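What follows is the residue order along each chain.
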Amino acid sequence: MNIGIVGTGPLGSILAEKLIKAGHRVKVTNTRAMPELEKIAAGLGATAATIQDVVKGVDAILFSMPFNAYKSLPQDLLKEVPQDVIIMDTSNYTPLRDGEISELEHISESVYISEMLGRPLVKVFNDVLEYSLKNKGKASGTADRIAISIAGDNQEHKKVVSQLVDQIGFDTVDSGSLAESWRQQLGTPAFCTELNKGELKQALLKANREKAPAIRDFILNKLRYMDGHPSYEEIIAVNRSVTSEMLQQI
Ligand SMILES: NC(=O)c1ccc[n+]([C@@H]2O[C@H](COP(=O)([O-])OP(=O)(O)OC[C@H]3O[C@@H](n4cnc5c(N)ncnc54)[C@H](OP(=O)(O)O)[C@@H]3O)[C@@H](O)[C@H]2O)c1
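Residues numbered from 1 in each chain as written. Predicted model: local features only at pLDDT ≥ 70, side-chain atom pairs only at ≥ 80, totals over all residues. Heavy atoms only, no water.

Per an unreviewed UniProt entry, the protein chain carries the name 3-hydroxyisobutyrate dehydrogenase and comes from Sphingobacterium alkalisoli.

Below, the structure written as C-alpha cells:
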C-alpha cells in the first residue's frame, strides 16, 4: 500500500519504520522545512512530502500528531482525497497539554477529530505505547500477542487497518463505532495496559465513560511526580493498577 503519515514524533516514526519493513511505501510530513524533513524521512526509510502532497496518491493516511495540532492543518486538506482512502487517527487528548475542550464531555475524541477533518476515520494505535510497537511485536498466533483496539464506522476500512496491525506484529480487537471509541481513550482499562486479545475484549467492556477523565488525570499526575522518568514497565503497571482500583470505587 501507499501510506502517508502526518507527524514524525515517536509514534509516527516507529509506525513509518514498521510499515516500510512490512513492504509498504511510506511518505511522511511534519512542520519542518524540506531539508530537515528530508533528513528525518531518509532516517526512517521513507520519502519526504509537503502536507499537501502527503495526502495525494495514497491508499491510507495516518495522522499521528498532538491532539491540539489538528486545528493547525490546512483547511480542506482532505477535500480532493477519494472516499476509499483510509484515514487513521492515533491521537489522545489530555487537558493539561491540549487545553480544556468542553465538547469532549459529549463526544469521543476521534469523533471530534473526524468532524474537524470532515472525514470518517479509524481510531487505532492510540492505546499502545511506542515502546511496545518497537519491541513487543510477535508473529500471528503466538501466545500472549498484544492486542490493539480499533474503532470506526467503515467495516472495510477497519478490516484493512487490522491487516496492517497484524503485519507489524499485533492483534486487534474491534471496539465498535467511532462514537464508542471512548472505550479505548485514556483512563480506560484498554489504554496502554498490554493485554492479549481475550483480555482486551473484557477490558473494553469494563470501560466507564464517567470515570475515565478522573482516572486519566490521576494516572498522568502519578506518572508526572514519580522519581525520574517512569520506565515503560512502570507506565504499564500504573495504568493497570490505578484503572483497576479506581473502577472498583463507587
Ligand atoms: N508516543 C506514544 O507512545 C503514543 C502512543 C499512543 C498514542 N500517542 C498519540 O499519538 C499522537 C502522536 O504522538 P507522538 O508521541 O508521536 O508525538 P507528538 O509529539 O504528539 O507529535 C509530534 C509530531 O506531530 C507533528 N505535527 C504537529 N503539528 C503538525 C502539523 N500541523 N502538520 C504536520 N505535522 C505536525 C510534529 O512535527 P514537528 O516534528 O515538525 O514538530 C511531530 O512530528 C499524539 O496524539 C499522542 O498522544 C502517542
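Before going further, it helps to spend a moment on helix α10 (residues 232–248). Across its 17 residues, α10 extends 25 Å between first and last C-alpha, which sits within 8% of the 24 Å expected from 1.5 Å per residue. All of the buried residues in α10 are Tyr232, Ile235, Ile236, Val238, Asn239, Val242, Thr243 and Met246. Seen from one end, α10 has its buried residues packed into an arc of 160°, which puts them on one side. For α10, exposure combined with an orientation more than 90 degrees from the buried face picks out Glu233 and Gln248. (Helix = DSSP H or I, 4+ residues; strand = E, 2+ residues; numbered from the N terminus. Expected span 1.5 Å × (residues − 1). Buried < 20%, exposed > 50% of the residue type's maximum accessible area, 1.4 Å probe, protein only. Arc of directions from axis to C-beta.)

Right, let's get into the layout of surface pockets. Remark: the empty space left among the atoms is shown by a probe the size of a water molecule rolled over them. Of the voids in this model, the largest pocket is the one considered here, and its volume is about 1300 Å³. Lining the largest pocket are 44 residues; nearest its centre among them are Pro10, Leu11, Pro66, Asn92 and Arg97. When residues of the lining of the largest pocket are traced back to their parent elements, those giving at least two are α1 (10–21), α4 (95–98), α6 (130–135), α9 (212–224) and α10. No other element matches the four residues that α9 contributes to the lining of the largest pocket. Looking at the lining of the largest pocket, its residues break down into 23 nonpolar, 17 polar and four charged. Roughly 350 Å³ of volume is contained in the second largest pocket. (1 Å grid on protein atoms, 1.4 Å probe; cavity = no way out; pocket = protein on both sides within 12 Å on 5 of 7 lines; lining within 4 Å. Points joined across faces, edges and corners; volume = space filled by probe spheres on them. Nonpolar A, V, L, I, M, F, W, Y, C, P; charged D, E, K, R; others polar.)

Summed over the entire model, instances satisfying the criterion amount to four aromatic pairs. Ring geometry for Phe63 versus Tyr70: centroids 5.9 Å apart, planes at 45°, classification tilted. This pair shows no difference in class: Phe63 is buried, exactly as Tyr70 is. An angle of 15° between the planes, with centres 5.6 Å apart, marks the rings of Phe67 and Tyr112 as stacked. You can see Phe67 sitting in the loop between β4 (60–63) and β5 (86–89) and its partner Tyr112 sitting in helix α5 (residues 109–117), a full 45 residues away along the chain. Tyr112 carries the same exposure label as Phe67, and that label is buried. Taken together, Phe67, Tyr93 and Tyr112 form an aromatic cluster joined through their ring pairs. (Phe/Tyr/Trp six-rings, centres within 6.5 Å; stacked < 30°, edge-to-face > 60°.)

Moving on: the pattern of salt bridges. Under the definition given, this model contains nine salt bridges. A salt bridge links Asp53 to Lys56, with the nearest nitrogen and oxygen atoms 3.5 Å apart. Salt-bridge contacts for Arg145 lead to Asp166; the nearest nitrogen and oxygen are separated by 2.8 Å. Highlighted residues: Arg145 in the loop between α6 and β7 (147–151) and Asp166 in helix α7 (residues 155–167), separated in sequence by 21 residues. (Salt bridge = Lys/Arg side-chain N within 4 Å of Asp/Glu carboxyl O.)

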